[in-house]
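Inside the fold
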Amino acid sequence: MSHDFLTSLHSQVIGVPAEKPVEKSAKKIAARASKEKLARKNAVTEEERHRTIGVSMAPQLHERAAGRAREVGLSFSRYVQWCIEAELDGEALAERFKM
C-alpha cells in the first residue's frame with residue numbers, strides 16, 4: 001500500500017511544473033538589453049549631470065533662505081540655484097521670483 005502512495009506522488013494528480021522554454025528566457029534577455037540600450041541613449045552626459053556640493057553658511061542665513069524657498073514654492077537647492085543664476089545673468093533677483 002505504501003508503494004502505491006509513493007508512486008501516486010509522481011502521477012498527474014500532483015502537478016509538476018514544466019520547465020520554461022529557453023525561448024522565453026532569450027526574449028526576456030533581449031527585452032532587457034533593449035531597455036538598457038534605450039536608457040543609455042537617453043542618459044544625461046557627465047557634463048550635464050547636476051552635482052551635490054557643500055556650501056557653508058550661517059544657520060540663521062540657512063533658516064531665512066529655506067523659509068524664502070518655501071514661500072516661493074521651491075526646494076532649497078533650486079532656490080539657491082536661481083539666486084546664483086540671476087546674479088550671474090545680471091537679472092534683478094526680485095524679477096526672478098515674481099509670482
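A short tour of the structure in this document, coming up. (Residues numbered from 1 in each chain as written. Predicted model: local features only at pLDDT ≥ 70, side-chain atom pairs only at ≥ 80, totals over all residues. Heavy atoms only, no water.)

By the definition in use, this model includes two salt bridges. In this structure, Glu71 engages Arg68 in a salt bridge whose closest nitrogen and oxygen atoms are separated by 3.2 Å. Highlighted residues: Glu71 and Arg68, both in helix H3 (residues 59–71), separated by three residues, approximately one helical turn. For Arg68, a relative accessible area of 31% puts it in the partly exposed group. (Salt bridge = Lys/Arg side-chain N within 4 Å of Asp/Glu carboxyl O. Helix = DSSP H or I, 4+ residues; strand = E, 2+ residues; numbered from the N terminus. Buried < 20%, exposed > 50% of the residue type's maximum accessible area, 1.4 Å probe, protein only.)

Counting residues in each nonpolar core, the largest one holds seven residues, listed as Ala65, Ala69, Val72, Leu74, Tyr79, Cys83 and Phe97. At the level of secondary structure, the elements contributing two or more residues to this core comprise H3 and helix H4 (76–89). (Core = buried A, V, L, I, M, F, W, Y, C linked by side-chain atoms within 4.5 Å.)

This part covers H3. Since the α-helix advances by 3.6 residues per turn, residues separated by three or four positions end up pointing in the same direction. With 13 residues, H3 extends 18 Å between its outermost C-alpha atoms, agreeing within 8% with the 18 Å of an ideal straight helix rising 1.5 Å per residue. Among all positions in H3, only Ala65, Ala66, Gly67 and Ala69 are buried. If you follow the buried residues of H3, they end up packed against H4. Of the residues trailing H3, Gly73 is marked for its positive phi of about 80 degrees. (Expected span 1.5 Å × (residues − 1). Contact = heavy atoms within 4.5 Å.)

Now for H4. In this model, H4 (14 residues) spans 20 Å end to end at C-alpha, consistent with the 20 Å of a helix rising 1.5 Å per residue. Looking at H4, one finds that the buried residues are Tyr79, Cys83 and Ala86. Looking down the long axis of H4, one finds its buried residues gathered within 70 degrees of arc, a one-sided arrangement. Facing away from the buried side of H4 by more than 90 degrees, the exposed set consists of Leu88 and Asp89. (Arc of directions from axis to C-beta.)

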